[in-house]
Amino acid sequence: MGLLNILLGRSRAVGPDLDRLFALPSAAVGLEASAGFRPTGQGAVCFATVEGAAFERTHREIRALLDADAGRTPVDLTHDSYGYSWLVSHRSPDELPLLVNDLHAVNSTLEAGGFGPRLLCSLAGFTQDDGRRLALVYLYKRGTFYPFAPLPGERRQRDNALELRIRAALAGELPVEGDLGRWFPVWGAPGL
């Protein structure tokens, strides 16, 4: 970091560290104890839509890798209304470590295929007994997590108070994104 950055109070961004995803299973234990949220078994990786033979090859490699696990639901590729692509993994709710392995494998394979700059985020879904939903979102380019808690119903509103409570509950478990302006809503995200 240069002297000018120090004087102006700027800091260098943390950057991607996919191994941080492996902290999710232990954080999930604390999340259930403190807020009653349990894993849904669904997770997804979001990236800017890519066309071409190189991506098709990488996509086939991801599917072959993840679908090799006999007896599991195949990985889905979907596109949202914002033009982003989502690779969605489905596991049983008690298989969060396997889901995290899936998310890590997808991110790593896309990164190795040269698509790292296209990666946006990954998420793991959680739910309460009353049907409330929550996602723990991993920001690929920042190497940090944040909670996203949509309010029930058709209106696109967030439960900001719950998100802040979850941030406090997970502060010692995960690297939580400190800049609230980067806590982007992921409306309609598959896996949530």
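For every chain, the first residue of the written sequence is number 1, and numbering continues from 1 along that sequence. Two thresholds apply to this predicted model, a pLDDT of at least 70 for residue-level local features and 80 or more for giving and counting side-chain atom pairs, whereas whole-chain, interface and lining totals are computed over all residues. Side-chain measures here rest on the full set of heavy atoms in the structure, leaving out hydrogens and waters.

**Student:** Got a minute to help me understand the pattern of salt bridges in this structure?
**Tutor:** Pairs can form between side chains of opposite charge whenever their charged atoms are close. Salt bridge, as applied in this entry: a Lys or Arg side-chain nitrogen positioned within 4 Å of an Asp or Glu carboxyl oxygen. Under the counting rule described, the total for this entry stands at seven salt bridges. Taking the shortest distance from any N to any O, the salt bridge between Arg-20 and Asp-17 comes out at 3.7 Å. Categorising residues by exposure relies on relative accessible area from a 1.4 Å probe, with only protein chains included: less than 20% of the type maximum marks a residue as buried, more than 50% marks it as exposed, and the intermediate range marks it as partly exposed. Overall, Arg-20 belongs to the partly exposed group, its relative accessible area being 24%. Glu-163 is the salt-bridge partner of Arg-158, the closest N and O atoms lying 3.0 Å from each other. Neither Arg-158 nor Glu-163 differs from the other in exposure class; each is buried.

**Student:** Got a minute to help me understand helix H5 (residues 160-170) in this structure?
**Tutor:** What sets the pattern is the α-helix's 3.6 residues per turn: residues three or four places apart point alike. Here a helix means four or more residues in a row that DSSP labels H or I, a strand means two or more in a row labelled E, and each is numbered from the N terminus. Those residues of H5 lying buried are Leu-162, Glu-163, Ile-166 and Leu-170. In a view along the axis of H5, the buried residues occupy a sector of 100°, so they form one face of it. Seen from the open side of H5, the exposed residues pointing more than 90 degrees away from its buried face are Arg-165 and Ala-168. We call two residues in contact when some of their heavy atoms are within 4.5 Å. Looking at the buried side of H5, the elements it contacts are helix H2 (24-35), strand S5 (133-139) and strand S6 (144-148). An arc is given here, and it is the one of the directions from the helix axis to the C-beta atoms.

**Student:** Is there a simple way to think about the sheet that holds strand S2 (residues 76-79) in this case?
**Tutor:** Picture the strands of a sheet paired through backbone hydrogen bonds; they go either parallel or antiparallel. Read from one edge to the other, the open sheet built from six strands follows the order S2-S3-S1-S4-S5-S6, with strand pairing classed as antiparallel. The outermost strands of the open sheet, each flanked by one partner alone, are S2 and S6. Averaged over all pairs of adjacent strands, the angle between strand axes in this sheet comes to 25°, irrespective of strand direction. A strand pair is defined by DSSP finding two or more bridges across the two strands. Two strands pair when backbone bridges link them, and strand S1 (residues 38-48) and strand S4 (residues 119-127) are joined in this way by seven bridges, in the antiparallel orientation. Note that in S4 the partner of Val-45 across the bridge is Ser-122. Against the sheet, helix H4 (residues 96-115) engages S1, strand S3 (84-90) and S4, with an angle of about 10° to S1. Sitting on the sheet, H5 touches S5 and S6, and the angle it makes with S6 is about 140°. Between N-to-C directions, angles span 0 to 180 degrees; the directions come from axes that are lines fitted to C-alpha atoms, helices contributing only their stretch in contact.

**Student:** Explain the side chain of Ser-85 to me, please; I cannot follow it from the model alone.
**Tutor:** The residue Ser-85 is located in strand S3 in this model. Of the polar contacts made by the side chain of Ser-85, one reaches the side chain of Thr-49; its length is 2.9 Å. Beyond its immediate sequence surroundings of up to four residues, Ser-85 is in contact with Val-45, Cys-46, Phe-47, Thr-49, Leu-77, Thr-78 and His-79. Pairs of N or O atoms within 3.5 Å make up the polar contacts considered here, provided that, within protein, one atom can donate a hydrogen while the other can accept it, and that residues adjacent in sequence are counted only when both atoms are side-chain atoms.

**Student:** How should the pairing of S1 be read in this particular structure?
**Tutor:** Remark: a regular strand shows side chains that alternate across the two faces of the sheet. The buried fraction of S1 is high, at eight of 11 residues. As paired elements, S1 and S3 share seven bridges and run antiparallel to each other. Counterpart to Ala-48 in the pairing with S3 is Tyr-84.

**Student:** What should I look at first to understand the pairing of S3 in this one?
**Tutor:** Burial of S3 is extensive: six of the seven residues sit out of reach of the surface. By the bridge criterion, four bridges tie S2 to S3 in an arrangement that is antiparallel. In the sheet register, Asp-76 faces S3, and the bridge partner there is Val-88. Here S2 folds back onto S3, and the loop between the two strands holds four residues, one of which, Gly-83, carries a positive phi near 90°.

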